[in-house]
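So you can see what is in the structure, the chains are spelled out below.
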Amino acid sequence: MAFRSRAENPTPLPLLARGGGRFAGDLAPDGAVYAAVLRSAHAHAALRRVDGGEARRRPGVLAVVTGNDLEPDPGPLPLRDPPPWPPRLAAALQPPLARDRVRYAGEPLAVVLADDPYRAEDALEAIAVEVSPLPAVVDPVEALAPGAPQLHPGVPRNRVATLGMMAGRRGRDGHPSPVAVVRARLTVQRQAPAPMEPRTMAARFDGGALTVWGALDDGHANRRLLGRLLGLAESDVRLVRTDVGGDFGSRGECYPEDFLIPYLALRTGRPVVWLEDRREHFAATNQARHQVHQATLVLGPGGAIAGLLVAAVHDLGAYVRSQGLMVPRATAAFLPGPYLVPRYRCQVWCAVTNTTPAGTYRGPGRFEATFVRERAVDLAARACGLDPAEMRRRNLVPPEAMPYAPGTTAFGEPLVYRAGDFRATLERALAAADYAGFRRRQAELREAGRWPGVGLATFVERAGHRSRGRATHPHGVHVALVEVDPDTGAVRVLRYLVACCTGRLEDRRRAEDQVQGGVAQGLGAALWEGVAYDPAGQLLTASLHDYAVPGPADLPPVEVLLLEDEAVFEAGTGVGESGIVGVGAAIANAVEDALWPLGVRVTGLPLTPPAVRGLVETATGAAQPEAGGAGRGARSGRRG
């Protein structure tokens, strides 16, 4: 059979539903060979020997490549930005195959090429590996502490970078003494993208040109990176997007396999196919989100925000991926959000740990920023004796202040909201969700022994044209209505609404679907999903049995209110990330609102039943009866 690839346009949805899609794993090239990757079983170890001699003698094996076999040496996987790079970033880049040290369980050690995928997998067992285990560190705060195990010689104290962002007045000049100060330590957990289809890739080198199908996204940037690594002109590299079973940002990085599979195609002159399995996906594909924040919100008269001060730690995992520090920079840029913040200070320490490298995932940096900001705003409302909706009314940027610059920098340019009526969008969301009516019913339900709650989260996104000066900023409001069982910790989402102000919509139905899909992923983050490691750096959530993602039966009705405002946006605006960025904050605020009479304070995600029970126990000082299902995946928290 000839090597076939489908057209680069996506397969129409009805055809996909009938099984008519064409994925990289469906490609059947003439003369294809198959790759399998040997991965480290240790999270941190000195690598003494990787010997593929016995594996090379296995039937059907064509090649075994270790780090010392890569000729010419490609060096580490580069950043997208051209060199020179800051020394600490350069010191934390990942080699395609480990040579002297391994830094996370799942790091590639060798790759086998065989005439059959099963023979390739079987041959991995014949590769001899000798290591000297080293102490590991998996918590980013602990990684920065004196005496922590050091991952990279060129990264003292495991600190790759310290990012700072400041806006507004310096010091205390020009504003009165604060009426209240709210402080909170807030944590966003580590997540795995977990698309339906793990990464897949096929590569062929023919006539001096390289064609790659499958795994790589963001074609222009990754063409440049591949060309640089392989010594090819960018014009000689062609990336073809097949259908994919989910992306969510996880396919946009340059991974070791993205170099290794094309390298083997060049070296052997044969088409090479690689299919990642689910366990590999959890260990090797970028994880994301893990941040720890110490947030301080300073309040003036009437609950007016006078200042926002944040000190944060961002977990990079074992290496810096190709997008560099984009995620922590985005977090720092979007923390002020849609509010008037006269004084803003943020410092983010970026740490390496003995965990899978972290990268981008749907709404990178903005999900984290929205969670921290909106939790702080809710705590501030309580401190001022205000309803959370009223607190937001008093602090949202008014339309007469547009265009408004919060004073931060995002994606290499100053962040500017060119137009928009944030307060009107809030009022539309409150009315659509019958917020006032729910507040009235809430008191009655509490009298009946039930624990209902409502949570709000406002957001500002970035979408549309990414060229300098043309970024657009959708904004909106998430409203979550929940009921909590404090005895079991179960959270039931009764209703969920997203109001999103967009530009002119070309396809309303598809836009609604995008927002609803984002909400589904956000609910997974809020209530179930969390990557876990043991202290030695071993992954405890290496399958969908342990890493729980929501299914259709777990999801509530999701209402989408799309507000078209062509005055806000000069160009077409994407809405897919608007559905996810506010979910963690809205659910956390709703759960805290439900359990506020017990004194519960929500400080992190996910809000699994064991986590909620723990919050109740801490607040009340009374141990709740143990229930089953307190394991890592927390599947007992599902409805039904």
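Residues numbered from 1 in each chain as written. Predicted model: local features only at pLDDT ≥ 70, side-chain atom pairs only at ≥ 80, totals over all residues. Heavy atoms only, no water.

Take the overall build of the protein next. A tally of regular secondary structure across the protein gives 16 helices and 21 strands. Here the protein has a C-alpha radius of gyration of 25 Å; the compact-globule value for 640 residues is 26 Å, and the two agree. Expressed as lengths along the three principal axes of its C-alpha atoms, the size of the protein is roughly 75 × 55 × 55 Å. Of all intrachain contacts in the protein linking residues separated by at least 6 positions in sequence, the fraction that spans at least 24 positions is 79%. For the protein, the accessible area works out to roughly 24300 Å², and carbon and sulfur atoms hold 52% of it. (Helix = DSSP H or I, 4+ residues; strand = E, 2+ residues; numbered from the N terminus. Rg over C-alpha atoms; globule rule 2.2 N^0.38 Å. Contact = heavy atoms within 4.5 Å. Areas by Shrake-Rupley, 256 points an atom, 1.4 Å probe, with all protein chains shown as cover.)

Here we take up the packing of helix H10 (residues 366–384) against helix H11 (residues 388–395). To describe two helices that pack against each other, one gives the angle between their axes and the distance between the axes. Packing of H10 against H11 brings their axes to within 9 Å, and their N-to-C directions diverge by 110°. Taken as axis vectors, H10 and H11 run roughly perpendicular relative to one another. Across the interface between the two elements, Glu-374, Val-377, Asp-378, Ala-380 and Ala-381 of H10 pack against Pro-388, Met-391 and Arg-392 of H11. For the contact of H10 with H11, the class distribution of residues is 5 nonpolar, no polar and 3 charged. (Axes fitted to C-alpha atoms, helices over the stretch in contact; angles between N-to-C directions. Parallel < 35°, antiparallel > 145°, perpendicular 65-115°, else oblique. Nonpolar A, V, L, I, M, F, W, Y, C, P; charged D, E, K, R; others polar.)

What follows deals with the environment of Pro-195. Mapped onto the secondary structure, Pro-195 falls in the loop between strand E8 (180–188) and strand E9 (200–206). Placed 83 residues apart in sequence, Pro-195 and Arg-278 show a C-alpha to C-alpha distance of 9.8 Å.

Here we take up the pairing of strand E5 (residues 108–114). Sheet faces and side chains relate simply in a regular strand, where the side chains alternate between the two faces. With 7 of its 7 residues buried, E5 lies for the most part within the structure. Direction of pairing for strand E1 (residues 33–39) relative to E5: antiparallel, over a ladder of 6 bridges. Each bridged residue has a counterpart across the sheet, and for Ala-36 the counterpart in E5 is Val-112. Two strands pair when backbone bridges link them, and strand E3 (residues 61–66) and E5 are joined in this way by 5 bridges, in the antiparallel orientation. Looking across to E5, one finds that Val-64 is bridged to Val-112. (Buried < 20%, exposed > 50% of the residue type's maximum accessible area, 1.4 Å probe, protein only. Pairing = 2+ DSSP bridges.)

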